Amino acid sequence: MYGNITIVEGPTEEHHDDPEKLAAFEAKIDRGEKIEPHDWMPREYRRQLIRMIEQHAHSEIIGALPEGTWITRAPGFKRKMALMAKVQDEVGHAQLLYSAAETLGKPREKMIEDLISGKSKYSNVFNYPAETWADTAVIAWLIDAAAIINQVTNSKGSYAPYCRALERICQEESFHLKYGYDNVVTLATGTPAQRESLQAALNRWWKPIMHFFGPPDKESVHTEKLVRWKVKMATNDDMRQQFFNQYVPKIWELGLTVPDPELRKDPVTGKWSYGDPDWDEFKRVINGDGPCNAERLAVRRTAEEMGRWVRQALARPQVEHYVAPLV
Ligand code: BYC
């Protein structure tokens, strides 16, 4: 229970919703109208939105870490400035998304608690290390590209506060993508060693990027319901296909090799087929057993502890200013 709203955690309880209200809600969604926080909504819609927006917010805040470790090592002053700005933007995205999730009744403190206890998920990709500067270039280009595909699509969805946050985020992400592409082009047109490190980074990140869009549609748990309620405006496989269409030609253009010998586009259907990106690894990583899961959560736990006195001080009533004792 958060305030006067009960968040149903656990199995779907759709049948408990008033059927007339549910029908009116679904008709509204079908007409393409937006849902605002004070509108009636099925409990399962609220639960799903909290789950997804909260995971997205955690992904932004944890996503700041792999690139963040490179701020002190970025090559040159201008790249350092640009990287710092990008990392700050990602943390800002988390703030926007936590605010959007709060409109559904779950307090931010509870969301952070669920993140650092390992209860909530966040994007698989941020559980891998950024080993070299080239890794940061690949993250800023291709992970931001993947995120933009997902977010531009879902910004046309049904829950207004999430859509508004996504629109704003996408504008900043587009700039990150340009920054990432600039770094990739510099490495791709640089010395043989720079090209080699870029190819090695692409090889490391390709499978996690395939996983980023979620499991194949036939294995996705939530897609059907979320597409029906226009929270997701495309399926996981559709978004992955969109990524191939837009970015595989660009990767080839740079003379890089996509590390998947089975990747090809069917000239008739226009669909890409690809090798198994190891879905078992995906499951392990999203369930806490990736190369950096423990490290990422430990950083957030420390940040939470170190910032506690600031939050407590801010939460105190204004009248509690220090008054010197009369002696
Ligand atoms: N990673 O039924 P499915 C950024 C989970 S950050 C982890 O298909 P759904 C950036 C899923 O949660 C932007 N878990 O799920 C920041 C579910 O588990 P639960 C990140 C994943 O929700 C810094 C289970 O698998 N973007 O751009 O229909 C620097 C079954 O999956 C993943 C977002 O967060 C995954 N990749 O669809 C640079 C987008 N995929 O909850 C860049 C918002 C699936 O039942 N999220 N799972 O325990 C979404 O759009 C959707 O949640 C997904 C998955 C498409 C990811």
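### Some points on the overall build of the protein chain
Here comes step 1: Per the secondary structure count, the protein chain includes 11 helices and 2 strands.
Here comes step 2: Secondary structure elements of the protein chain occur, N-terminal to C-terminal, as α-α-α-α-α-α-α-α-α-β-β-α-α.
Here comes step 3: For the protein chain, the C-alpha atoms occupy an extent of roughly 70 × 70 × 35 Å along the three principal directions.
Here comes step 4: Buried positions account for 48% of the 327 residues belonging to the protein chain.
Here comes step 5: Taking the intrachain contacts of the protein chain between residues at least 6 apart in sequence as the baseline, contacts between residues at least 24 apart amount to 77%.
Here comes step 6: A total of about 16,800 Å² of accessible surface is found on the protein chain, and carbon and sulfur atoms cover 57% of it.

### Considerations on the packing of helix α2 (residues 43-68) against helix α11 (residues 293-315)
Here comes step 1: Relative orientation of the contacting elements α2 and α11 amounts to 110°, with a least axis distance of 10 Å. Judged by the angle between their axes, α2 and α11 are roughly perpendicular. Within the contact between the two elements, α2 uses Ile61, Ile62, Leu65 and Pro66 and α11 uses Arg296, Leu297, Val299 and Arg300.
Here comes step 2: Broken down by class, the residue content of the contact of α2 with α11 amounts to 6 nonpolar, no polar and 2 charged.

### A few points about the site of the ligand
Here comes step 1: Taken together, 36 residues surround the ligand, and among them Lys121, Asn150, Val221, His222 and Lys232 come closest.
Here comes step 2: In this structure, a nitrogen atom belonging to the ligand sits 2.9 Å away from a main-chain N or O atom of Asn124.
Here comes step 3: Interatomic distance of 2.7 Å between a side-chain N/O atom of Lys232 and an oxygen atom of the ligand.
Here comes step 4: A total of 1,000 Å² of accessible area belongs to the ligand in isolation, and the protein chains cover 91% of it.
Here comes step 5: Elements with a minimum of two residues in the shell around the ligand: α2, α3 (77-102), α5 (133-154), α6 (160-188), α7 (192-212), α8 (223-228) and α10 (279-286).
Here comes step 6: By residue number, the principal contributor to the shell around the ligand is α2, which donates 8 residues.
Here comes step 7: Of the residues in the shell around the ligand, the class split is 12 nonpolar, 15 polar and 9 charged.

### Things to note about the side chain of Ser220
Here comes step 1: With respect to the helices and strands, the residue Ser220 is situated in the loop between α7 and α8.
Here comes step 2: Since its relative accessible area comes to 17%, Ser220 is described here as buried.
Here comes step 3: Here Ser220 is in contact with Pro215, Lys232 and Asn236, once residues within four sequence places are set aside.

### Considering empty space enclosed by the protein
Here comes step 1: For the structure shown, the criterion picks out 1 cavity of 30 Å³ or more.
Here comes step 2: What lines the largest cavity is simply Asn154, Gly157, Ser158, Tyr159, Tyr162, Cys163, Lys230 and Val231.
Here comes step 3: Of the residues in the lining of the largest cavity, the class split is 4 nonpolar, 3 polar and 1 charged.

Cut-offs and rules
Residues numbered from 1 in each chain as written. Predicted model: local features only at pLDDT ≥ 70, side-chain atom pairs only at ≥ 80, totals over all residues. Heavy atoms only, no water. Helix = DSSP H or I, 4+ residues; strand = E, 2+ residues; numbered from the N terminus. Buried < 20%, exposed > 50% of the residue type's maximum accessible area, 1.4 Å probe, protein only. Contact = heavy atoms within 4.5 Å. Areas by Shrake-Rupley, 256 points an atom, 1.4 Å probe, with all protein chains shown as cover. Axes fitted to C-alpha atoms, helices over the stretch in contact; angles between N-to-C directions. Parallel < 35°, antiparallel > 145°, perpendicular 65-115°, else oblique. Nonpolar A, V, L, I, M, F, W, Y, C, P; charged D, E, K, R; others polar. Near = heavy atom within 4 Å. Polar contact = N/O pair within 3.5 Å; in protein donor to acceptor, adjacent residues only side chain to side chain. 1 Å grid on protein atoms, 1.4 Å probe; cavity = no way out; pocket = protein on both sides within 12 Å on 5 of 7 lines; lining within 4 Å. Points joined across faces, edges and corners; volume = space filled by probe spheres on them.

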